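The chain contents come next:
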Amino acid sequence: MVHCSCVLFRKYGNFIDNLRLFTRGGSGGMGYPRLGGEGGKGGDVWVVAHNKMTLKQLKDKYPKKRFVAGEGANSRVSALKGSKGKDCEIPVPVGISVTDENGNIIGELNKEKDRILVAEGGLGGKLFTNFLPLKGQKRVIHLDLKLIADVGLVGFPNAGKSSLLSQISHAKPAIADYAFTTLKPELGKIMYNDFKQISVADLPGLIEGAHMNKGMGHKFLKHIERTKQLLFVVDISGFQLSSQTQYRTAFETIILLTKELELYKEEVQTKPALLAVNKMDLPDAQDKFRVLMNQLQNPKDFLHLFENNMIPARTMEFQHIIPISAITREGIDELKNCIRKSLDEHANQENDAYHKKQLLNLQVSNTVAYSEPQSKNALTSSRMDRI
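As the structure is a prediction and not an experimental result, all values here were calculated from the model.

Q: Explain the sheet that holds strand β12 (residues 186-191) residue by residue, including any values.
A: Overall, mixed pairing links the six strands, which are arranged β12-β13-β11-β14-β15-β16 in an open sheet. The sheet is open, and its two edges are formed by β12 and β16 (320-323), each paired on a single side. Strand-to-strand twist across the sheet, computed as the mean angle between neighbouring axes with direction ignored, equals 25°. Note that strand β15 (residues 273-278) and β16 share four bridges and pair parallel. From the neighbouring strand, V277 faces β16, where its bridge partner is P323. Each of β11 (151-154), β12, β13 (197-202) and β14 (229-235) is contacted by helix α2 (residues 161-168), which is oriented at about 165° to β13, the strand it contacts most. In this fold helix α3 (residues 250-264) packs onto β11, β14 and β15, with an angle of close to 145° to the strand it touches most, β14.

Next comes the structure, spelled out in structure tokens:
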């Protein structure tokens, strides 16, 4: 049984990544004191992940966002044990983190059919409740979507991330010659000849101070957390948000992007990273690229150019640096190959680590199993010696 109530949500265009819902487990059924009958337990409220679901669809289908499970059946002469109330299932997209009103994490849904109990039904009336039913659990929950993608594009506005996504995948993001054309995350898939698919998330451009809620990019930094690797996209000519802001070279944008990620969450910096240097079709791009490569090979020699609060604790080490042009397609095929190579290498490392862990666990269990009979035999032998 689904009732509906008020909801708080954030949306960017038609994209919604946060919803606030009211949930309540069903009340238990009445007991039957004269015959000792027990009322049925109230139904539970579950959050269940579905691949083809979005938070916008959930909001449109249940505009008031109030989810209440069914009540347990009363005990009666013909059925002394009342039946359980009907459960209520809330369909959500994969990648949802569920928290309570205090921000405590209830659980995460990372694959199809994952489910989390968010409100438990009340007990039916029985002897220790004086045959009176208990009410179901009430709970306000927050659904927070973090996109799950293989690769997350990171860059300042107008670095060419949307143009790049349109070149390497079938996605059709908005593209224009001004900042903040990407107002919501875009997902695309790179298709390879052997039918391998790699998902790529284009996030709205960051600006300096994004970790302090400046600009739009901060709203989407959380989506980077669930990507397997990062793809930095920088304009070889540098970046300037407006005439009132300071001009930044390509090297400076990389350092500042690294700092923003560090200030948001240091663990993000540990992800494998690639660097795509875009707009190599512009005049003097080759000369600027040579300068950039020198700076990236010896970053510490140039950090004195920054204020201390802008210098990250550790600089990014890129697995691949690829000069590209999203307009002429220069370097696009090489970039796609590097993305796949990097992901495959990372997957192989994870598999090796997993197998080593399994082997170690097996060795430990065998050692324990071998030592236990030995200790028993030694104890028996010592007893016989005494006899």
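Q: Could you give me a rundown of the pairing of β11, with the residues and numbers involved?
A: Remember that side chains alternate between the two faces of the sheet whenever the strand is regular. Side chains of β11 alternate between two faces, with V151 and L153 and G152 and V154 buried alike. Note: β11 against β14, four bridges, orientation parallel. Bridge assignment links L153 to a residue of β14, and that residue is L231.

Q: Which residues make up the packing of aromatic side chains, and what values do they have?
A: Evaluated as defined, the whole model comprises five aromatic pairs. Ring centres of Y62 and F67 lie 5.2 Å apart, and the angle between their planes is 70°; on these two criteria the pair is classed as edge-to-face. The residues Y62 and F67 share a single accessibility class, namely buried. On the basis of an interplanar angle of 75° and a centroid distance of 5.3 Å, the ring pair of F232 and F318 is categorised as edge-to-face. With F232 in strand β14 and F318 in the loop between α4 (285-297) and β16, this residue pair connects regions lying 86 residues apart in the sequence. Among the aromatic side chains, those forming a connected cluster through ring pairs are F251, F302 and F306. Across from the ring centre of Y192, 5.2 Å away, lies the NZ or CZ of R340, which sits over that ring.

Q: Explain the pairing of strand β8 (residues 105-109) to me, using residue names and the numbers behind them.
A: One ladder, built from four bridges, connects strand β7 (residues 96-100) with β8; its direction is antiparallel. Looking at β8, one finds that V98 is bridged to G107. Between β7 and β8, which follow one another and run antiparallel, lie four residues, and G103 among them has a positive phi close to 85°.

Q: Let's hear about the sheet that holds strand β9 (residues 115-119): which residues, and what values?
A: With mixed pairing, three strands are arranged side by side in an open sheet as β6-β4-β9. Because the sheet does not close on itself, it has two edges, and the strands there are β6 (88-93) and β9. Recorded for the sheet is a direction-independent mean angle of 30° between the axes of neighbouring strands. With six bridges joining them, strand β4 (residues 45-50) and β6 adopt parallel strand pairing. Bridged to V47 within β6 is I90.

Q: Residues and numbers for the pattern of salt bridges, please.
A: Enumeration over the complete set of coordinates arrives at 18 salt bridges. One salt bridge in this structure joins D44 and K84, with 3.5 Å as the shortest N-O distance. Separated by 40 residues along the polypeptide, D44 in the loop between β3 (15-24) and β4 and K84 in the loop between β5 (66-68) and β6 bring together distant segments of the chain. Among the residues examined, D44 registers a relative accessible area of 9% and is labelled buried. Ionic pairing is found between R329 and D333, a salt bridge with its closest N-O pair at 3.6 Å. Shared partners join several salt bridges into a network, and the residues in it are K41, D44, K84 and D87.

What counts, and where the lines are drawn
Residue indices follow the written sequence of each chain, beginning from 1 at its first position. Per-residue local features of the predicted model are confined to residues with pLDDT of at least 70, and side-chain atom pairs are confined, for both listing and counting, to 80 or more; whole-chain, interface and lining totals are unaffected and use all residues. The side-chain figures draw on all heavy atoms in the structure; neither hydrogens nor water molecules are used. A pair of strands is treated as paired once DSSP finds two or more bridges between them. Secondary structure elements follow DSSP: runs of H or I of four or more residues count as helices, runs of E of two or more count as strands, with numbering from the N terminus. Fitting a line to C-alpha atoms yields each axis, with helices limited to the stretch in contact; the angle taken between N-to-C directions then spans 0 to 180 degrees. The criterion used for residue contact is that any of the two residues' heavy atoms lie within 4.5 Å. Only protein chains enter the area calculation, which uses a 1.4 Å probe; residues under 20% of their type maximum are buried, those over 50% are exposed, and those in between are partly exposed. Centres within 6.5 Å make a pair out of two Phe, Tyr or Trp rings, where for Trp the six-membered ring is used; the pair is then stacked when the planes are under 30 degrees apart, edge-to-face when over 60, and tilted otherwise. Any Lys NZ or Arg CZ found within 6 Å of a ring centre and within 35 degrees of that ring's normal is scored as a charge over the ring. Salt-bridge detection follows one rule: a side-chain nitrogen of Lys or Arg within 4 Å of a carboxyl oxygen of Asp or Glu.

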